[in-house]
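# Results of the structural survey
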Amino acid sequence: MTSVKIRTLHIADSKNLLRFELDNREWFERHVDARASSFYSLLGVTAHIESYLSGLENGTWHPFVIEDDNGKIVGRANLKDINLSDRSAEVGYRIAESACGQGLATLAVSRLIEEGKLRWNLKRLVANVYAENVGSAKVLKRCGFSVETISKQVGLEDDYRFTLSI
Ligand SMILES: CC(C)(COP(=O)(O)OP(=O)(O)OC[C@H]1O[C@@H](n2cnc3c(N)ncnc32)[C@H](O)[C@@H]1OP(=O)(O)O)[C@@H](O)C(=O)NCCC(=O)NCCS
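Residues numbered from 1 in each chain as written. Predicted model: local features only at pLDDT ≥ 70, side-chain atom pairs only at ≥ 80, totals over all residues. Heavy atoms only, no water.

### Overview of the packing of helix α1 (residues 14–23) against helix α3 (residues 42–57)
In plain terms, the rule: Throughout, an axis means a line fitted to C-alpha atoms (over the contacting stretch in the case of helices), and angles, computed between N-to-C directions, take values from 0 to 180 degrees. Secondary structure elements are defined from DSSP: runs of H or I of at least 4 residues count as helices, runs of E of at least 2 residues count as strands, and each element is numbered from the N terminus. Oblique is the label for every angle not falling under 35 degrees (roughly parallel), over 145 degrees (roughly antiparallel), or within 65 to 115 degrees (roughly perpendicular). Throughout, a residue-residue contact means that at least one pair of heavy atoms, one from each residue, lies within 4.5 Å. We call Asp, Glu, Lys and Arg charged. Ala, Val, Leu, Ile, Met, Phe, Trp, Tyr, Cys and Pro are nonpolar, and the rest, Gly among them, are polar.
Closest axis-to-axis distance for the α1/α3 pair is 9 Å, and the angle between their directions is 110°. With respect to α3, the axis of α1 lies roughly perpendicular. Note on element contacts: α3 touches α1 through L42, V45, T46, H48 and I49, opposite S14, K15, L17 and L18. Here the residues of the contact of α1 with α3 sort into 5 nonpolar, 3 polar and 1 charged.

### So, the site of the ligand
Using the following cut-off: Distances are taken per atom, and a residue is near a molecule or strand as soon as one of its heavy atoms is within 4 Å of it. Whenever two N or O atoms come within 3.5 Å, that pair is a polar contact, provided that in protein one can donate a hydrogen and the other can accept it, and provided that, for residues adjacent in sequence, both atoms are side-chain atoms. The accessible surface values rely on the Shrake-Rupley method and a 1.4 Å probe; as for residues, cover is taken only from the protein chains in view.
The environment of the ligand is formed by 23 residues, the closest being I95, G101, G103, T106 and N133. Between a nitrogen atom of the ligand and a main-chain N or O atom of Y93, the distance comes to 2.9 Å. A total of 950 Å² of accessible area belongs to the ligand in isolation, and the protein chains cover 71% of it. Secondary structure elements with two or more residues in the shell around the ligand: α2 (25–29), β4 (88–95), α4 (104–118), β5 (124–130) and α5 (134–142).

### With respect to the state of the cysteines
For the record, the criterion: Here, a disulfide means two cysteine sulfur atoms that sit within 2.5 Å of each other. Three labels apply to residues, based on accessible area from a 1.4 Å probe with only protein chains included: buried if under 20% of the type maximum, exposed if over 50%, partly exposed otherwise in between.
Going through the model one piece at a time under the given rule, you end up with 0 disulfides. Counting only cysteine sulfurs, C143 is the nearest neighbor of C100, a cysteine outside any disulfide, at a range of 15 Å. In this structure C100 comes out as partly exposed when scored by relative accessible area, which is 35%. By relative accessible area, C143 is classed as buried at 14%.

### As for the sheet that holds strand β7 (residues 159–165)
Selection rule: What makes two strands pair is DSSP finding at least two bridges between them.
Here 7 strands make up an open sheet; going across it, the order is β1-β2-β3-β4-β5-β7-β6 and the pairing mixed. Every interior strand has two partners, whereas the edge strands, β1 (4–8) and β6 (146–151), have only one. Going across the sheet, the axis of each strand differs from the next one's by a mean of 25°, ignoring polarity. With 7 bridges joining them, strand β3 (residues 73–83) and β4 adopt antiparallel strand pairing. What sits directly across from L79, in β4, is V91.

Take a look at the structure:
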């Protein structure tokens, strides 16, 4: 991959986003919670984009996609649950299996930090990661996050909560 562009998601992304999510469904489901099966159709993805874009409009969500130099979506990153009163948000990201290990998640999280600071005037970011997701924890630590809590829930995987003051 020679270069990538990180930009705000838009409504015209439905087809490409569905391709990205379908191609990587199994890969993502190994690391993050599975999406409802109704998501995996043009109708489902369009509704998903519309809801994210209404979040952008009302200042609660900022969704981004990562495109390669052919315009193919190879990753996603979101500022989620933006709270403009306490100036915080959660970060989330997912990279196509075929594009992993090239620093894209690190690049995406760095961009989320920058947008959180400059566009949204936030002062605190959080991220929730399953303990087994070593790659994701590495990305967060490299971007300056530190582990705040580790919750142990009986019968469930551990959940690491990372935070960053910005
Ligand atoms: C986690 C994820 C986002 C990382 O994306 P990425 O673009 O490969 O991340 P980066 O290349 O920026 O950095 C990942 C680092 O973790 C390392 N890594 C990945 N898996 C690892 C593992 N199992 N053990 C040790 N290190 C690992 C990589 O080698 C890399 O480190 P390096 O640059 O020093 O070599 C990607 O694997 C992914 O999308 N997974 C599925 C969805 C997901 O887990 N999202 C995050 C939810 S919290």
